[in-house]
There are 4 protein chains.
Amino acid sequence: MLVVMHHDAAASEVEAVCQTIRDMGYQPVPMPGEQRTAIGLIGNEGPVDDSQVVGLPGVAQVLHVSKPYKQVSREWKAETTLVTLGPGVVVGGRDVVVIAGPCSVESEEQIVASARAVRAAGATALRGGAFKPRSSPYSFQGLGKRGLELLALARQETGLPIVTEAMDEAGAELVAEYADCIQLGARNMQNYSLLRAVGRMKKPVLLKRGLAATITELLMSAEYILAAGNPQVILCERGVRTFDSAARNMFDLNAIPIVQRLSHLPIIADPSHGTGLRDKVTPMARAAVAAGADGIIVEVHPNPDRALSDGAQSLFPEQFAQLMEALRLIAGAIDRNVASPLHAELGIG
Amino acid sequence: MLVVMHHDAAASEVEAVCQTIRDMGYQPVPMPGEQRTAIGLIGNEGPVDDSQVVGLPGVAQVLHVSKPYKQVSREWKAETTLVTLGPGVVVGGRDVVVIAGPCSVESEEQIVASARAVRAAGATALRGGAFKPRSSPYSFQGLGKRGLELLALARQETGLPIVTEAMDEAGAELVAEYADCIQLGARNMQNYSLLRAVGRMKKPVLLKRGLAATITELLMSAEYILAAGNPQVILCERGVRTFDSAARNMFDLNAIPIVQRLSHLPIIADPSHGTGLRDKVTPMARAAVAAGADGIIVEVHPNPDRALSDGAQSLFPEQFAQLMEALRLIAGAIDRNVASPLHAELGIG
Amino acid sequence: MLVVMHHDAAASEVEAVCQTIRDMGYQPVPMPGEQRTAIGLIGNEGPVDDSQVVGLPGVAQVLHVSKPYKQVSREWKAETTLVTLGPGVVVGGRDVVVIAGPCSVESEEQIVASARAVRAAGATALRGGAFKPRSSPYSFQGLGKRGLELLALARQETGLPIVTEAMDEAGAELVAEYADCIQLGARNMQNYSLLRAVGRMKKPVLLKRGLAATITELLMSAEYILAAGNPQVILCERGVRTFDSAARNMFDLNAIPIVQRLSHLPIIADPSHGTGLRDKVTPMARAAVAAGADGIIVEVHPNPDRALSDGAQSLFPEQFAQLMEALRLIAGAIDRNVASPLHAELGIG
Amino acid sequence: MLVVMHHDAAASEVEAVCQTIRDMGYQPVPMPGEQRTAIGLIGNEGPVDDSQVVGLPGVAQVLHVSKPYKQVSREWKAETTLVTLGPGVVVGGRDVVVIAGPCSVESEEQIVASARAVRAAGATALRGGAFKPRSSPYSFQGLGKRGLELLALARQETGLPIVTEAMDEAGAELVAEYADCIQLGARNMQNYSLLRAVGRMKKPVLLKRGLAATITELLMSAEYILAAGNPQVILCERGVRTFDSAARNMFDLNAIPIVQRLSHLPIIADPSHGTGLRDKVTPMARAAVAAGADGIIVEVHPNPDRALSDGAQSLFPEQFAQLMEALRLIAGAIDRNVASPLHAELGIG
């Protein structure tokens, strides 16, 4: 931590900051300059809470040298964490994992058809929402527990592990009962009660970046889950909010290599929400893999024009099959591999 | 709703859109232009779900004419809603209500001293957090239920009604038991499960705007509460996130007159979070009242340098007293009135 | 400057950074920590160019303690700069200066009527564009030199000094010839050639903040003008671009007290562009004055519905007169004064 | 254009809007709804100037159906424009063009070494700044005309065409004299005087997106150049400004497929400014090509640690050579081709 004093700070104000640092159990290192004095703090083992210092008279700014997160950091654990979604489906290794399926579970027919179609094209996990966070209270809110049952049925039919969203603690317990991975959506990225709840569970968690969350905040939210005891976290870039409305979101692929440098947690990308426009999903899914993402999660619907939610950003099954072809080539170009659906070979479903 | 077709859309694509609109129970009005065809939709009584249309072949864009919210709209209810926090403390009328107190409840001594100080200066309600949403799992998380008990004690001592935050459903029930108004924080603005839960309660709700929420989304979140049966909602502008880090947030005072035109719900402003810097709180509190806010909520701490959270943005009691003087004059300039603490006159506390 | 090393930086990398700092003529102060080493730099008299250091192996981050600007800083000059626009019209003192007029100069009749109307209501300077930066090449681009002549005529009629925009060096010379203050618009805030050109002139400059410029960048652009020899700069907050499209811009009034702490240059606010909506101009003009702005610049048009540009955000003359009443009271509440049009008393015009 | 009336607009206000539309020479189509009336406008051949309508009493909102640009639109010209930078170096076709070189021209030795290195690795054009827009007036501003002479020398040595930036009209004329392509930087994207000036020249223009420019605004700025007579425009995504400071900019690769749908102009990407961090340049350059960019422009310096500007984001020559290998494979995966330096085969340089 570095405390920068105002240029006109009195010597007594500098000393008061030093004394406060000493009271906190650390050692102050004053560095007088021509313009102003700065005071370094040494002796800490991690981030220092600056609340005692930041409002002291004469303090202009407090700069942090240590990162605010700990267990999610690559400094804490050097090797990338491997998160297993199902038999042979591991996120964070050489394989690029593809999770595909409709926005919402709508019916048995729809979810089973979706699961078969995405498995045929090469997806290794199935997505589909049973609990849907919608900005309007009057929109379709998902099938709830019935949706989870249908997802379980689709898994039985195809062998694909299931990723689905939970919106609150009660829902998270239900999701943990039925699904292979609990997804936390963008709007709940800083729902700390929910983060703590899934941190106490034994299921992998897919944590999506908030609409206006910094990368540091995404990592801090993951820290909540690890701090509560669950190390199986997959991060997900899904587009953020900016000044331009040309796409539904701005897809921040810079986040992929940045997170991979800062954290050992795997990170995937969601080009469906990252663009919000069907004809942009394919190029941006390719870009995500080229940027080094550990996987993608993508919306595919057997009949997008009749989808109850997000139809406009869902791929047709044949578009998805074409995309998978391109992804295999691009993964190869950077010495990675698009995971194959082993289950198909094993005759499951 | 207006469906804008691509310039090269085929006549059959235009007709397919018209047919879909008819299937939805509305009437299409095609408007051929030199560049492209647009198709109006009439016969709706409120917002139309565009999910069946937006992904159809040939559709370039769907524009909405109706607002996505209903019960929060001034078109639904013309007169501003009056929300009563306590005896004589009404938000939304001619009075500008001032809610003040520390960021967190820390101890009996601290909260009672705070309550006395803010009442003496003229505040008419007390704020103070018992459940604190913190970006780090390692930061002080509030005193929980004990904090609520201390707030109730401070109310007993001073007569000031209490506003305090809830972070989840269980917490909301506790808060409703002890406090006069349930605050939902910026990070939970789109926690729909929580919105529905407080919508079923009989207590006033103070709903803060999310860090990157549009005004429309703020209103949609309030709609969740009203749709669940609770009409006592106060909105709060507390600063949003932008590209500039000169202040903790960018305080969007435009939101005050914009919300007042669109909605009948009262709106207050939080200059403490809106700036994050003590010496900016006073000018921006004045600005909020000049812009027409129905109240302000402001952090005041008897000893900010020793506060366990947000010390750097808390006013000293004497700064707050000075601010109150200026607010009285400014409210007078726009034919409003800063509410007086009636309780003092009644000899309470 | 503080150089933060990666947690796994080698001792040789730390030494290489220290050596580079010595080569630059400064003194390194290494501060080893549990997590990582940081290296302070002392001996500098102002901001240090970090380009030699930032890319060295092992460097994680470079933090700057000194501000990047110099002559615009309050540390350089403690008293607020007073900029004189015309006889008795001084920006930066106790007077709050009101500059008003139409977006564009359209005709002799229009500009003279505007000037008379705004002077009657109490404005002390006249605005009006002769060179208009328009996002479309097909929109009205202003009357050019003829517009300047008409402004000069309006000044002759009313005694009001003139503020008008220049878009390039040739235009700036023309504007300097006719007007009392050269305005640089938001889109040209980082047009460094133009900044240098007006820096060589002897006229006051009104520098508007760019659409996505940080406050630091606004000050750096002003630094260009001062560095070229012209100390008469007025800054202007005019709204920035964010994720919300509810208003044309987000009006960042936090900038007023922030700039006033950092710089000695006066700062005014433009509620017309800051909101873009006529019925929001009045409350936000009041808010700007309550926040401590040294003045406002506001669009007023004798017939807004027939304006050739920005009609929707221009006040009717009678709205402007009402606004002036409120501003006088609010200025009084914070011990300031709305400047009066002395010229009227002197019988000019 | 669609004019949406307030829900309480009077019939006379609706009629006044209709009459204004008729006065403008178009035909109004009123569409009364349950909530409010909307009025379509037909008979226009392109975008309609809404300034007469937007401020009329009772008008809530004006929505535009036509795009504000014309000549840059794919509706105006269906085939992608091919821009020739030099013999065999064409942007916009099947070839992905790689433009590489240092941020600034620093010396003859440096620019010639850079040119040789990037040509050896497979670049087909050379970048390098002679006029540098710097946020500080005290930073290195480029070698000016001498820099242009050195670039011409490097071209003579290697056969690589030259792309370099102009900051004002006088500079643009000099650049046009020496270089093969005039670059306009992000800060000048809305410098309309400069756009018009290069629009009158016969040289290709590389137009970079502004720091907070929407895609529509980027296209409008290109429209200025085409409207002035110069159709040889290459667009460039170079990162935009958002709330996150984890990277220097947020690299908006969504812009690539979005622009390619809306416009016939080729678009390239700049991963150096798009990330600002050397170790992020390689993955994001790959992502740009995977997203379908028509080329990339990338900073490569023979000795980045000694660069006078942007050293921290410049690739080492050997990193660049490795990147080129990956780009060839990725381009192949999407049926494109990384252009080869024909000149080398021809024995030039």
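Residues numbered from 1 in each chain as written. Chains lettered and ligands numbered in written order. Predicted model: local features only at pLDDT ≥ 70, side-chain atom pairs only at ≥ 80, totals over all residues.

### Concerning the interface of chain C and chain A
If you look at the interface, chain C gives 22 residues, while chain A gives 22 residues. Among the secondary structure elements, those contributing two or more residues to the side of chain C that touches chain A are β1 (2–5), β2 (27–32) and β3 (37–42) of chain C. For the side of chain C that touches chain A, the leading source of residues is β3(C), giving 3 residues. (Contact = placed C-beta atoms within 7 Å. Helix = DSSP H or I, 4+ residues; strand = E, 2+ residues; numbered from the N terminus.)

### Here we look at the interface of chain C and chain B
Contacts between the two partners involve 34 residues from chain C, matched on the other side by 34 residues from chain B. Residue assignment for the side of chain C that touches chain B shows that the elements contributing at least two residues are α6 (215–227), α7 (255–262), α9 (278–290) and α10 (317–333) of chain C. Take the side of chain C that touches chain B: its biggest share by element is 7 residues, from α9(C). Among the residues making up the side of chain C that touches chain B, the classes are represented as 22 nonpolar, 6 polar and 6 charged. (Nonpolar A, V, L, I, M, F, W, Y, C, P; charged D, E, K, R; others polar.)

### Some thoughts on the sheet that holds strand β3 (residues 37–42) of chain A
Residue and element names in this part refer to chain A. The strand order β2-β3-β1-β4 describes an open sheet built from 4 strands, whose pairing is antiparallel. Whereas interior strands pair on both sides, the edge strands pair on one side only; in this sheet they are β2 (27–32) and β4 (59–63). Direction aside, the axes of adjacent strands within the sheet are offset by 20 degrees on average. Where strand β1 (residues 2–5) meets β4, 4 bridges bridge the pair, whose relative direction is antiparallel. (Pairing = 2+ DSSP bridges. Axes fitted to C-alpha atoms, helices over the stretch in contact; angles between N-to-C directions.)

### Things to note about the environment of C:Leu174
Residue and element names in this part refer to chain C. Residue position: Leu 174 is located in helix α4 (residues 169–178). Residue classification places Leu 174 among the partly exposed positions, given that 18 C-beta atoms sit within 10 Å. Separated by 106 residues in sequence, Leu 174 and Pro 68 have C-alpha atoms that sit 32 Å apart. (Buried ≥ 20, exposed ≤ 12 C-beta atoms within 10 Å, placed from the backbone.)

### Points about the packing of helix α2 (residues 108–121) of chain B against helix α10 (residues 317–333) of chain B
Residues and elements named next belong to chain B. Between α2 and α10, the shortest axis-to-axis distance is 9 Å and the interhelical angle comes to 25 degrees. Taken together, the axis directions place α2 and α10 in an arrangement best described as roughly parallel. Crossing angle aside, the handedness with which α2 passes α10 is right-handed. On α10, the residues that touch Ala 117, Val 118 and Ala 121 of α2 are Pro 317, Phe 320, Ala 321 and Met 324. For the contact of α2 with α10, the class distribution of residues is 7 nonpolar, no polar and no charged. (Parallel < 35°, antiparallel > 145°, perpendicular 65-115°, else oblique. Left-handed = near helix turned anticlockwise from the far one by under 90°.)

### Re the domain arrangement of chain A
Each domain of chain A was delimited in the assignment, giving domain 1 (2–63) and domain 2 (83–345). Look at where the C-alpha atoms of domain 1 of chain A and domain 2 of chain A centre, and you get two points 44 Å apart. (Domains from an automatic or database assignment.)

### Side note on the sheet that holds strand β4 (residues 59–63) of chain D
Residues and elements named next belong to chain D. Strand order in the open sheet formed by 4 strands is β2-β3-β1-β4, and the pairing between neighbours is antiparallel. In this open sheet, the two edge strands, each paired with only one partner strand, are β2 (27–32) and β4. Across the sheet, the mean angle from the axis of one strand to that of its neighbour is 20 degrees, orientation sign disregarded. Sheet topology note: the strand β1 (residues 2–5)/strand β3 (residues 37–42) ladder contains 3 bridges and is antiparallel. Residue Leu 2 lies in a different strand from β3, and its bridge partner there is Gly 40.

### So, the relation of the copies chain C and chain A
At an RMSD of 0.0 Å, chain C and chain A line up after a rotation of 180 degrees and a shift of 0.0 Å along the axis. Both copies are brought into coincidence by an operation consistent with a two-fold rotation axis. Rotation axis and chain C: the residue whose C-alpha lies nearest the axis is C:Phe243, separated from it by 2.1 Å. Both copies contact each other with a shared surface, as 100% of the interface residues of chain C are interface residues in chain A too. (Least-squares fit on C-alpha atoms with pLDDT ≥ 70 in both.)

### A word on α9(C)
Residues and elements named next belong to chain C. For α9, built from 13 residues, the straight-helix expectation of 18 Å at 1.5 Å per residue is met to within 8% by its first-to-last C-alpha distance of 19 Å. Every buried residue of α9 is listed here: Arg 278, Lys 280, Val 281, Thr 282, Pro 283, Met 284, Ala 285, Arg 286, Ala 287, Ala 288, Val 289 and Ala 290. Looking one or two residues beyond α9, the residue adopting positive phi is Gly 292, at roughly 105 degrees. (Expected span 1.5 Å × (residues − 1).)

### Observations regarding the relation of the copies chain C and chain B
Of the transformation superimposing chain C on chain B, the axial component is 0.0 Å and the angular component is 180 degrees, with the fit at an RMSD of 0.0 Å. Looking at the interface residues of chain C, 100% of them are also at the interface in chain B, so both copies use one shared face.

### A word on the environment of A:Leu218
All names here are of chain A. Mapping Leu 218 onto the fold places it in helix α6 (residues 215–227). By the C-beta count within 10 Å, which is 29 here, Leu 218 ends up buried. C-alpha of Leu 218 to C-alpha of Cys 236: the two residues are 18 residues apart in sequence and 9.2 Å apart in space. Apart from residues lying up to four places away in sequence, Leu 218 is in contact with Met 189, Arg 209, Ala 213 and Leu 235.

### Here we look at the environment of B:Asp279
Residue and element names in this part refer to chain B. Tracing the chain through its elements places Asp 279 in helix α9 (residues 278–290). Exposure remark for Asp 279: the 14 C-beta atoms within 10 Å place this residue in the partly exposed category. Distance from Asp 279 to Glu 45, taken between C-alpha atoms, is 49 Å for residues 234 residues apart in sequence.

### Looking at the packing of helix α5 (residues 192–199) of chain B against helix α6 (residues 215–227) of chain B
Residue and element names in this part refer to chain B. Where α5 contacts α6, the two axes come as close as 7 Å, and the packing angle between them is 40 degrees. Accordingly, the angle class assigned to the pair α5 and α6 is oblique. Remark: the crossing between α5 and α6 carries right-handed chirality. Facing Tyr 192, Leu 195, Arg 196, Val 198 and Gly 199 of α5, the residues of α6 in contact are Ser 221, Tyr 224, Ile 225 and Ala 227. Here the contact of α5 with α6 is composed, by residue class, of 6 nonpolar, 2 polar and 1 charged.

### Overview of the nonpolar core
If you look at the biggest cluster of nonpolar residues, it comprises 412 residues, and the most contacted ones within it are A:Leu253, B:Leu253, C:Leu253 and D:Leu253. C:Leu253 has contacts with B:Phe251, B:Leu253, B:Met284, B:Ala287, C:Glu237, C:Ala269, C:Ala287, C:Ala288 and C:Ala291, leaving out every residue within four places of it along the chain. (Core = buried A, V, L, I, M, F, W, Y, C linked by C-beta atoms within 7 Å.)

### A word on helix α7 (residues 255–262) of chain D
Of all 8 residues making up α7(D), 6 are buried, and the element is well covered by its neighbours. Listing the buried residues of α7(D) in full gives D:Ala255, D:Ile256, D:Pro257, D:Ile258, D:Val259 and D:Gln260.

### Observations regarding the pairing of strand β7 (residues 95–101) of chain C
Residue and element names in this part refer to chain C. Within β7, 7 of the 7 residues are buried, leaving the element largely enclosed by the surrounding structure. Here β7 shows no split at all, with Asp 95, Val 97, Ile 99 and Gly 101 on one side and Val 96, Val 98 and Ala 100 on the other all buried. In terms of strand pairing, β7 meets strand β15 (residues 337–338) through 2 bridges, oriented parallel. Paired with Val 96 across the strands is Val 338, a residue of β15. Here β7 pairs with strand β8 (residues 125–127) via 2 bridges, running parallel. Across the sheet, Ala 100 pairs through a bridge with Leu 126, a residue of β8. The parallel pair β7 and β8, bridged by helix α2 (residues 108–121), forms a crossover whose chirality is right-handed. (Right-handed = clockwise from strand over helix to strand, strands pointing away.)

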